[in-house]
Amino acid sequence: MAIEFQLIKTENKQFVCFPEKVTQGSLNINTTFQFGVANDRSNIKCDLLLKFNQGEELVLLCEIICYFSVKPESWDEMKTDNGYSVPVFFLQHMANVVVGLTRGVIFAKTEGTVFQSHVIPLMNLTEIIKNQTFESQITSYTDKVKTGYKLDKVETIPLTITT
């Protein structure tokens, strides 16, 4: 199945950093992905929220949303008896785009600060976002990150795949 789509809008929903709160040691990075579909099925959004913590202290928060338009013909291909089924490879691809954009935003906004030495580790999105069905929730994944970093799901905001 070939899904015809394009990135139509990006949004820097929130960004805050507190470089003065960073001390010696590693940072923990909490990662949350959310997906949503417009009621008229004109677009899909992928939302990435990153929280950098040192101990219990929040030191950086960045939330980026990417909106993708999807051609009606592609929606027709995703139609099922129960609604629509968005293939997991497409969710992974959208997540990859938002991760790349988020890396760039954090790099640009933290240039010259202590955060320049703390990069977002590579993420295996095929492990984080696996085959799911509508209304299912992704509530866990295996950490595969650079030593000194930790990826955590946010307990109150699991990834939910919905129509």
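How do you make sense of the overall build of the protein chain when you look at a structure like this?
The helix and strand tally for the protein chain stands at 3 helices and 9 strands. Starting at the N terminus and walking to the C terminus, you meet the elements of the protein chain as β-β-β-β-α-β-β-α-α-β-β-β. Evaluated residue by residue, the protein chain yields a buried proportion of 42% over its 163 residues. Once local pairs closer than 6 in sequence are excluded, the contacts in the protein chain between residues at least 24 apart make up 69%.

Quick question: what am I supposed to make of the packing of aromatic side chains here?
The description of an aromatic ring pair uses the distance of the two centres, along with the angle that the planes make with each other. For the structure shown, the criterion picks out 2 aromatic pairs. Taking the centre distance of 4.9 Å and the plane angle of 65° together, the rings of Phe5 and Phe90 count as edge-to-face. Of this pair, Phe5 sits in strand β1 (residues 5–17) while Phe90 sits in helix α2 (residues 88–109); the two residues are 85 residues apart in sequence, bridging distant segments of the chain. Since its relative accessible area comes to 2%, Phe90 is described here as buried. One aromatic cluster is present, formed by Phe5, Phe68 and Phe90 through successive ring pairs. Of note, Lys9 hangs over the ring of Tyr67, and the distance from its end group to the ring centre comes to 5.1 Å.

Is there a simple way to explain the pairing of strand β4 (residues 57–70) in this structure?
Put simply, side chains in a regular strand alternate between the two faces of the sheet. Extensive coverage of β4 is indicated by the burial of 12 of its 14 residues. In terms of strand pairing, strand β3 (residues 43–54) meets β4 through 12 bridges, oriented antiparallel. The residue of β4 that forms the bridge with Cys46 is Cys66. If you look at the hairpin formed by β3 and β4, you'll find 2 residues sitting between the two strands, and Gly55 has a positive phi there, around 65°.

Where do I start with the nonpolar core in this structure?
Generally speaking, nonpolar side chains in soluble globular proteins are found buried as a group. The biggest cluster of nonpolar side chains holds 38 residues, and the ones touching the most others in it are Phe33, Phe35, Ile44, Cys46, Phe52, Trp75 and Met94. Among the elements of the structure, β2 (28–37), β3, β4, α1 (72–78), α2 and α3 (125–128) are those that each provide at least two residues to this core. Per-element tally for this core: the top contributor is α2, with 9 residues. Once residues lying within four places of it in the same chain are set aside, the contact partners of Phe52 are Leu27, Asn28, Ile29, Glu57, Leu58, Val59, Leu60, Ile106, His118 and Ile120.

Would you take a moment to explain the state of the cysteines for this structure?
Under the criterion given, the structure shown has 0 disulfides. Free cysteine Cys66: the closest other cysteine sulfur is in Cys46, separated by 6.8 Å. With a relative accessible area of 0%, Cys66 lands in the buried category.

Each value, and the rule that gives it
Residues numbered from 1 in each chain as written. Predicted model: local features only at pLDDT ≥ 70, side-chain atom pairs only at ≥ 80, totals over all residues. Heavy atoms only, no water. Helix = DSSP H or I, 4+ residues; strand = E, 2+ residues; numbered from the N terminus. Buried < 20%, exposed > 50% of the residue type's maximum accessible area, 1.4 Å probe, protein only. Contact = heavy atoms within 4.5 Å. Phe/Tyr/Trp six-rings, centres within 6.5 Å; stacked < 30°, edge-to-face > 60°. Lys NZ or Arg CZ within 6 Å of the ring centre and 35° of its normal. Pairing = 2+ DSSP bridges. Core = buried A, V, L, I, M, F, W, Y, C linked by side-chain atoms within 4.5 Å. Disulfide = S-S within 2.5 Å.

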